Amino acid sequence: MKVFINKRIPEIGIQMLEEAGLEVVLPKNADLSHDEWLTYCKDSDVILNVGQNKYDEGFFEQFPNVKAIALFSVGFDSVDIEQANQRKIPIGNTPDVLSRATSDIAFLLMQSVARRASYYFEQVKSDLWGDFDPLHALGQELYGKTLGVFGLGRIGFEMAEKCKKAFDMNIIYHNRSHNEEAEKKLGAKYVSFDELVNQSDVLSVHANFTEEHSEIFDESVFKKMKSNSIFINTARGGFHNQKHLYNALVDKEIWGAGLDVTNPEPMMYDDPILKLSNVCVLPHIGSATIEARNGMAKVAAENIIAFSKGEKMPHCANPEVYK
Ligand code: 8YV
C-alpha cells in the first residue's frame, strides 16, 4: 500500500509506517506545486496530508485510487466529508495530542493583548523606551473576568481550565451540545450565542469550522461585544471577518484581538490590522511544539496502519463510514 506524505513530518510517523510494511512516498521537495501534488495523488492509495490541500468532490472524482486520507491536523474543514462518506473514504485526524499546545497559544495571545506585549516590544525595538508615564498604554488584568468559549471541545476545555486556574475566570460557553465535564469541573455555564457575545471579557474561538459559521464574527457581533473585550481566534480564520474586526478595533468597539489564524491565510504583510497596537498575530503555530507535532505524526501513522489492516482508524473525523 502506497502512502504519500506531502511534507516531511517528525520521523516517528514515517518510521511507524515503514515498520508496518507500508511504502512511504515522501518527495524531496517540501514545497510541491499544485500539479506536482496531483501527480503524487494519482499514484497513491493513502494520503497523509500536511497543510490545507482541499479534498472536494472534484478531487474524489479524479482520484478513485485514493482510499483513505490521514490528516496531519485536528481540523478537517479541508475535506468535503459528505463526499468522503458517499465513497466510504475514512478521514483520519489528530485530536487530543495538540490540545495543550493550541490552548497555550490562545492563553498566550490573551495575555499578550491584555498587557499590550506586542506594542511594547515594538516600542523597545524602535528605540522608543521613553520616560516613565503612569498613564501610558495601560493593560488590563484578567482576574475574575469572564471567558467566553465558542466551541467547548477538547481545546476549548484546556483554555477554560487554564483561565480558571490562573485567573479564577468565570467560564461561559456556546456549543452544539452541553459539555458536562466543563460544567462540573470548571463551573462553566452554557449560554446562547448572544449572551456569549454580550457577556465575555475574553471571547475565544475553539470550534470546528463549517461553512454555516463562516464569518459569524462580523460587524454586528463585534458591535455587541464589551468595549473592554478581547477577541481570540486560534481555530480557523474563516470564523471572523477581518475587515470588520479591524474596524471594531479602530472604533474601539472592542479592546484588542489575538489571532493565530487569519482570514485569509497567510495574511498579507501589509494588512492594516498589523499596524494596530492592540493586536497580536501569530502565523498559525497552535500545534507547533515538539511534543504536539510528534504526537500528530504518531496518531496519523496509527490511523493509516489501522486502515491498512482493515481496521477502524482510531481517530476518524467521519466514523459514519464504518456503519
Ligand atoms: C496544523 C491545525 O498545524 O490541527 C489543526 O487543525 O490547524 C494545525 O495543527 C495545520 O492544520 C497543518 O496541517
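Note that the coordinates shown come from a computational prediction; the quantities given were computed from them, not determined experimentally.

Colleague: When you look at helix α5 (residues 99–114) in this model, what are you seeing that I'm missing?
Modeller: Note that an α-helix has 3.6 residues per turn; residues three or four places apart therefore point the same way. For α5, which comprises 16 residues, the first-to-last C-alpha distance of 22 Å matches the rise-based estimate of 22 Å (1.5 Å per residue) to within 8%. Taken together, the buried positions of α5 are occupied by S99, A101, T102, S103, I105, A106, F107, L109, M110, S112, V113 and A114. R116 sits one or two positions beyond α5 and adopts a positive phi of about 55°.

Colleague: Hey, could you run me through the side chain of S99 in this one?
Modeller: Here S99 lies in helix α5. With residues up to four places along the chain from it excluded, the contact list for S99 reads R154, I155 and E158.

Colleague: For this particular structure, what's the right way to read the sheet that holds strand β9 (residues 202–205)?
Modeller: Two pairing modes exist for strands in a sheet, parallel and antiparallel, and in both the strands are linked by backbone hydrogen bonds. Strand order in this open sheet of seven strands is β8-β7-β6-β9-β10-β11-β12, and the pairing throughout is parallel. Of all the strands in the sheet, the pair left with one neighbour each is β8 (189–190) and β12 (279–281). As paired elements, β9 and strand β10 (residues 230–233) share four bridges and run parallel to each other. Note that in β10 the partner of V202 across the bridge is I230. Most of the contacts of α5 go to β10, to which it runs at about 150°, and overall it touches β9, β10, β11 (256–259) and β12.

Thresholds, definitions, all that
- Residues numbered from 1 in each chain as written.
- Predicted model: local features only at pLDDT ≥ 70, side-chain atom pairs only at ≥ 80, totals over all residues.
- Heavy atoms only, no water.
- Helix = DSSP H or I, 4+ residues; strand = E, 2+ residues; numbered from the N terminus.
- Expected span 1.5 Å × (residues − 1).
- Buried < 20%, exposed > 50% of the residue type's maximum accessible area, 1.4 Å probe, protein only.
- Contact = heavy atoms within 4.5 Å.
- Pairing = 2+ DSSP bridges.
- Axes fitted to C-alpha atoms, helices over the stretch in contact; angles between N-to-C directions.

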